[in-house]
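Summary of structural features
If you want the building blocks of each chain, they are given just below.
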Amino acid sequence: MASDYTPTNVSRRAVVLGLAAGSFVLSVPLSRLARADEEKNGKKKYGGEAMSGGLKDDPRIFLSIADDGTVTLLCNRAEMGQGVRTSWAMVVADELEADLARLTVNQAPGNETKFGNQNTDGSRSMRHHFVPLRRIGASARKMLEEAAAAEWGVAPEEVRAREHEVVHQPSGRRLGYGALAKAAGARDVPAHDALSFKTPDQFRYIGKSDVRLVDNMGITTGTAKFGIDAQIDGMLFAVVARPPVYGGKVKSFDATEAKKVPGVIKIVEIKSPDIPSGFLPLGGIAVVAENTYAAIKGRSLLKIQWNDGPNASYDSKTYRQTLETAASKPGKVVRSEGDLDSGFAAADKRVEATYYIPHLAQAPMEPPTATARVTKDGCEVWCSVQNPEAIRKDLSKRFGLPIEKVIVNCLLLGGGFGRKSKPDFASEAAILSHAMEGRPVKLTFTREDDIHHSYFNTVSVEHLEGGLDAEGKPTAWLHRTVAPTISALFGPDPKHESPTELGMGAVDVPFAIPNLLIENPEATAHTRVGWFRSVFNIPHAFAIQSFVGELAAAVGRDQKEFLLEIIGPDRKINAKDLSDTWIYGENPEKYPYDTGRLKGVINKVASEAGWGRKLAEGHGLGIAAHRSFVSYTAVVIEAAVSPEGDLTIPRVDIAIDCGAVVNPERVRSQLEGAVIQGVSLATISEISFKNGRAEQSNFDGYEVTRIDASPKEIHTHLVSPTGYDLPLGGVGEPGVPPVAPALTNAIFAATGKRIRSLPIRDQLANTV
Amino acid sequence: MTNFTVNGKPHSFDGDPDMPLLWYLRDIAGMTGTKFGCGQALCGACTVHLDGAATRSCVMRIGDIDGQEVTTIEGLSPDGSHPVQVAWRELNVAQCGYCQVGQIMQAAALLNEVPNPSDEDIDAAMTGNICRCGTYPRIRNAIKQAAGGAK
Ligand code: FES
Ligand code: FES
C-alpha cells in the first residue's frame, strides 16, 4: 500500500512570516481591519463580501516566507483548469515585489471562517479576490519594508522593496525577504488605507502573457495529485449502485454473488433520502473492496429490485411536448416593457420560433471521487471539490461533529464545470468509512455513475415571437422560457425559474425594443437539475441570439448590423430596469449593463474574423453576443457544410470584455475551452430520459467533442478597458453561451437551414 | 501469476487475471499518474505504452500482459524532459490537466511512429483522447513543436 499522502506539502524550512502553510494550525486573530470590515453593517453587501465566509486579506493567513526567502502562498479557491493557482501567484508576487520563481503555491484546506469564501463557482474567483489578493501582497511588502527600516534605523520612506529584497535607497544597503521575514511577521498588519499599490506600468506579472502554470511539472509528469489520486494508508475502495430513477429506493437486494468476488469486503446499504433531496447522496447499495476493480465487479453481480418512485415515467420525448405546450400559452410575467399587443399591431411582419436544448451532463474527465476517514473524534476528507465548506457542513451535521473536526483537503480537480460544487460524493465516502469503522474509503464514480447521476443542466423550450415594422425595425418581442429550475432540488416543488436563472440572459436582454414581454410558464423537475458551466445562459442565449438571426433574415439584413441595431445606442442600464434582481450577486451601481461594451466585443470579433469576407461554397459566418457573469462575449463562427451534410468548423473568433485582465494567457485558454465545450453541446451532447433513467452511460452515448471535430482554428481576442480600477467580470463561463447560436447562425448562412433544436447531430443530412 | 515490467521494474501479480492493468497500477502498485476516465476505452485518460504501443490500460486484462513491458507517465522520462512533456509546458497546454497524462502518452507514441505528423495524422492518432476542458488547439501545436524539437 502506498505511503501516507500529505496534501498540503508543508515546507520543512523555517517559516517566519505568518503561519505555517499546514492545514491544522489554530485560527489567527483577524487583523483589526478585517474585523472592522466585518463589523460594518447596515449596508447591503455585494460580490465577495456577500458570500459565506466573505473575503479575507490578512497576509499572515495566506503567506509565509521561509528564511531562505521562499514565499509560500495558500490558494483558497479550487483549481479546476481555470489556472487560479497560477493567477493567484501572479497577483500576490506582483504586489509583494516577489520573484515568482521563488514562490510556491499550496492549497488551503476547506475552512471559510479562516480563508473566506471558497465556493469556486459562478466565475467569481478573480472577480471577487483580485483586490484582496493585492492587499495581501501589498501588506506583506509594507511589513517587510517597515522591518528593514527598523533594522537600519531609517525612515520607512527611504526604503523600497524590489525583487525579493528591500533596499535602503540613500545608502544602497539591502536585505533579502528571507532575512527580514521574522521581524516582518512580528509587525502589525497595516490598515487598508496605509497600503500602496502598484500602478499598472509597474506590474511584472499582472497582465503579462508569459507566465507558465505553477502545476505544469506535476501535470506533465503524472505527479500532480487530483482528488482521485489520494492515497491513505489502509484505505478501501468502493462504488455504489444508486437508484436509477431520481426518487427511487431499494426494494430488496441479493448480494450473494457479489460477496463471492475476491477482494469484496462488505456490502453496505445507504438509505435513500426523500425527494427533493438537495445535495444529499442518492443512497443505494455500496460495495466496499480491496481495490476499485473488485468493487466494480462485485457491484455488477448485485441483484437489486428498485422502487422507482414518482419519476419512473420521466421521458424526454413526452416532456419536450409538455414544455412546448407550456410555451405556447401565457405564463408568469417576469419582465414587461411597453405594450406587446400594440407592438405587434404596429408590425409589418411577425416572426416566431421555438427552440429546444436537452439536459447536459458536466462529465468532467475526473469523475466525482472522494476519500474519507471518519472516526468518533473527527472526519477527514481528501477530494477534488468546488465547494469544500458544503462538505464540512454536511459531515458535521451527519456525524454530530463540530465543524472544526471536519477537515477537507482540497486536491486538484480534474475538471468541475459545476458538478463538483455538490458534496454528495464526499458524503458517500464518509458514510462508507463510518460503516467500515473508520477505515479510510475511496469512493469512485465510474463514468456510468457520473452520467446517470449528474446534476444535469436544465432542459428547456424557449418560444419567441417578434414584430418588425416596414423599415425592418423591431416593434415587439415576446419570449417564453420554460425549464425546470435548480430550486426544485430543495422544494417545495418550485415550478418557475428563480431570479438567478432568469437573470442568466432571459430578463437581462439589453435590446432597444419598445414593447417587450418575457414570461416564464411552469415546468416540473423530474431529475436533479444543477449547475453546468454557464447554466441557464446556455438555453437563453441560444434562443435569443438565434432569434435575432431569424429576425435579421426575415428582413434581409446583415446579422451583425441588425444585432448592433437591436441593442441600440450606447447606454448603461441599471439591473432593475431589466427586472434583473440577481446580476450575479454584484452591486448594480458598479455593474450596469453597458451596451457600449457589448457592442464593443461584437465590433471587435467581427473585424478580427473578417465579417463579410468572401467564403467558399457551403461556408457561412454566424455571430452571437451575450453578457454573463458580468462579462461581455461575442463569437463569430465559420461553418462549412458538405453536400452530404457533414459539418466542419474552419474557424472561430471569440472576444471577451471581462474588465481588466489579470492573466491573459489563462483567459485565452478559458475561451478556447469554452468554444470547444460550446461546440460540443451544440453538435453532439445530449442526455435524454426514458422510464425515468438517463439513456446515456458513457462517452459512446453521451458524446463530447474530440480533437478531429474541434474547430480548426480558434482566435481569442481580449477587449480590455485600460486600468485596473474597473470592476472585474467573470471568465470561466462567459465564453460558452454565444457559441451554439453563432454556430447555428453560421449554418443558416451556409445552407439556409435553421437549427432550432440542439444538438445538431444529423439534422444537416441531405439539406444542402 | 503474471510477470511484467513497469518502467523497467519487474512486477508480478497473482490476483484476478481479469483485473484491468489500470486498477493494478492505481490501486495496487500505487502509481496514480495513469488516470481513470471511462473504463471502456472511450477516452484515453488511462493510456500507457505496452511494448511501446499506446494502449488503454482500462481494458487491458492483466492476465494478457505476461512478459510485456509497461511504460507509464512516471517512466516516460526520468525528469519530465521528454520532448512532448517539454512542449506541453512551453505552450501551457493543460487546463485541469487530468487528461494530459493520457494525451502525452498518446502523443509520444505517435511521434515514435510518425516523427513529423500532419494535422490529419494528429487528429487520427489523438481522437481517442478526450479533453473535456478543450485543450485540443494547444495539443495540436504542442505535438508539432515536440516534433520539431525532436528532429
Ligand atoms: S479510462 Fe481507459 S480509455 Fe477511458
Ligand atoms: S485538461 Fe482538463 S480534461 Fe483535458
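Everything numeric in this text was worked out from a predicted model, so none of it was measured.

Okay, the domain arrangement of chain A next. Residue and element names in this part refer to chain A. Looking at chain A, the domain boundaries give domain 1 (16–221), domain 2 (227–310 + 368–444) and domain 3 (316–360 + 455–751). Between the C-alpha centres of domain 2 and domain 3 there is a distance of 37 Å. Opposite the 16 residues of domain 2 that make contact, domain 3 presents 16 residues. Roughly 1400 Å² is buried in total at the junction of domain 2 and domain 3, and carbon and sulfur atoms are behind 60% of that figure. Taken as a group, Tyr246, Phe417 and Lys422 account for 37% of the area that domain 2 buries against domain 3, more than any other trio of residues on that side. On the surface where domain 2 and domain 3 come into contact, there are one salt bridge. Taking the shortest distance from any N to any O, the salt bridge between Asp308 and Arg693 comes out at 3.1 Å. The residue inventory of the side of domain 2 that touches domain 3, partitioned by class, reads eight nonpolar, four polar and four charged.

Further remarks concern the side chain of Ser57 of chain B. All names here are of chain B. Positionally, Ser57 belongs in the loop between strand S4 (53–56) and strand S5 (69–71). Taking the relative accessible area as the measure of exposure, Ser57 reaches 0% and is therefore buried. Ser57 has contacts with Pro20, Leu21, Leu22, Thr34, Cys46 and Val48, leaving out every residue within four places of it along the chain.

With that settled, the discussion passes to the nonpolar core. Counting 162 residues, the largest nonpolar core has Trp477 and Ile566 of chain A as the members making the most contacts within it. Within the second largest apolar cluster, 50 residues are counted, among which are Val92, Met126, Val662 and Leu728 of chain A.

Moving on, we come to unusual backbone geometry. Residue and element names in this part refer to chain A. Of note, the bond from Ile275 into Pro276 is cis; its omega dihedral lies within 30 degrees of zero at 0°. By the element assignment, Pro276 lies in the loop between strand S9 (264–270) and strand S10 (284–289). Backbone geometry places Phe417, a non-glycine residue, at a positive phi of 55°. Not every positive phi belongs to a glycine, and Ser534 is a case in point at roughly 80°. Among the secondary structure elements, Ser534 is positioned in the loop between strand S20 (515–520) and helix H16 (537–554).

With that settled, the discussion passes to the pattern of salt bridges. Residues and elements named next belong to chain A. Evaluation of the coordinates by the stated rule reveals 57 salt bridges over all chains. Its salt-bridge partner being Arg134, residue Glu95 comes within 2.8 Å of it at the nearest N-O pair. Linking Glu95 in helix H3 (residues 84–96) with Arg134 in helix H5 (residues 125–152), this pair joins segments that are 39 residues apart in sequence. In this pair, the class of Glu95 matches that of Arg134, namely buried. Note that Arg613 and Glu638 form a salt bridge whose closest N and O atoms lie 3.1 Å from each other. A residue pair is termed long-range when its members are at least 10 positions apart, and Arg613 in the loop between helix H18 (595–609) and strand S23 (619–628) and Glu638 in strand S24 (residues 631–641) qualify at 25 residues. By relative accessible area, Arg613 is classed as partly exposed at 31%. Among the charged side chains, a network of salt bridges with common partners joins Asp94, Glu97, Arg162, Glu163, Lys198 and Arg204.

Conventions adopted
Residues numbered from 1 in each chain as written. Chains lettered and ligands numbered in written order. Predicted model: local features only at pLDDT ≥ 70, side-chain atom pairs only at ≥ 80, totals over all residues. Heavy atoms only, no water. Domains from an automatic or database assignment. Contact = heavy atoms within 4.5 Å. Buried area = accessible area lost by both parts, 1.4 Å probe. Salt bridge = Lys/Arg side-chain N within 4 Å of Asp/Glu carboxyl O. Nonpolar A, V, L, I, M, F, W, Y, C, P; charged D, E, K, R; others polar. Helix = DSSP H or I, 4+ residues; strand = E, 2+ residues; numbered from the N terminus. Buried < 20%, exposed > 50% of the residue type's maximum accessible area, 1.4 Å probe, protein only. Core = buried A, V, L, I, M, F, W, Y, C linked by side-chain atoms within 4.5 Å.

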